[in-house]
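Spelled out from the first residue to the last, the chains are:
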Amino acid sequence: MSEVTNELMYELLKKLNARFDKVDLSLGELRSEMNAIRGTMVSMHQEIHNIYSTLSRHEMRLDRIETRLELRELSEAQARFEPHP
C-alpha cells in the first residue's frame, strides 16, 4: 500500500476543490432554472386571474341581459291581458 504524503493530500484537496467548484456551478444553474419556473408560474397565475376577471364581467353582462329579457317577456305577457282599444 502506498504511503500517504503531503503531496498526495495536496493533490486530493485540489481535486476536491475543483469538484466543489463544479457543484457550485451546477447549483447556480439549478437556481436559475428554478427562478425561470417560478416566473412562469407567476405569469400563469396572473393569466388565470385575468381569465376569471373576464368571465366575471361576462357573467354580469349576461345577468343584466337576462333581467332585461325577463322584464320584456313580463310586459309582453301582461299586454296580452290588457284590453285593446
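See the structure printed just above.
Criteria and cut-off values
Residues numbered from 1 in each chain as written. Predicted model: local features only at pLDDT ≥ 70, side-chain atom pairs only at ≥ 80, totals over all residues. Heavy atoms only, no water. Helix = DSSP H or I, 4+ residues; strand = E, 2+ residues; numbered from the N terminus. Buried < 20%, exposed > 50% of the residue type's maximum accessible area, 1.4 Å probe, protein only. Lys, Arg positive; Asp, Glu negative; His and termini not counted. Charge placed at Lys NZ, Arg CZ, Asp CG, Glu CD. Salt bridge = Lys/Arg side-chain N within 4 Å of Asp/Glu carboxyl O. Patch = residues over 30% accessible without salt bridge, like charges linked within 9 Å, V, L, I, M, F, W, Y side chains within 5 Å. Areas by Shrake-Rupley, 256 points an atom, 1.4 Å probe, with all protein chains shown as cover.

(A) Expanded view of the overall build of the chain. Scanning the chain from N- to C-terminus turns up one helix and zero strands. Judged by the C-alpha coordinates and their principal axes, the chain covers about 125 × 20 × 10 Å. Relative to its full complement of 85 residues, the chain shows a buried share of 0%. Between the mean site of the 12 positive side-chain charges and the mean site of the 15 negative ones, the chain shows a separation of 3 Å.

(B) Representation of the pattern of salt bridges in the model. Under the criterion given, the structure shown has two salt bridges. A salt bridge links K14 to E11, with the shortest nitrogen-to-oxygen separation between them at 3.4 Å. Of this pair, K14 and E11 are both found in helix α1 (residues 6–81), three residues apart, which corresponds to roughly one turn of the helix. Note on E11: relative accessible area 39%, which makes it partly exposed. Notably, a salt bridge pairs E76 with R72, separated by 3.2 Å at the nearest N-O pair. Taken together, the residues span about one helical turn, with E76 and R72 both in helix α1 at a distance of four residues. Residue E76 is classed as partly exposed on the basis of its relative accessible area of 44%.

(C) Structural detail: a negative patch on the surface. A cluster of like negative charges, contributed by E59, D63, E66, E70 and E73, occupies part of the molecular surface. Exposure remark for D63: the relative accessible area of 41% places this residue in the partly exposed category.

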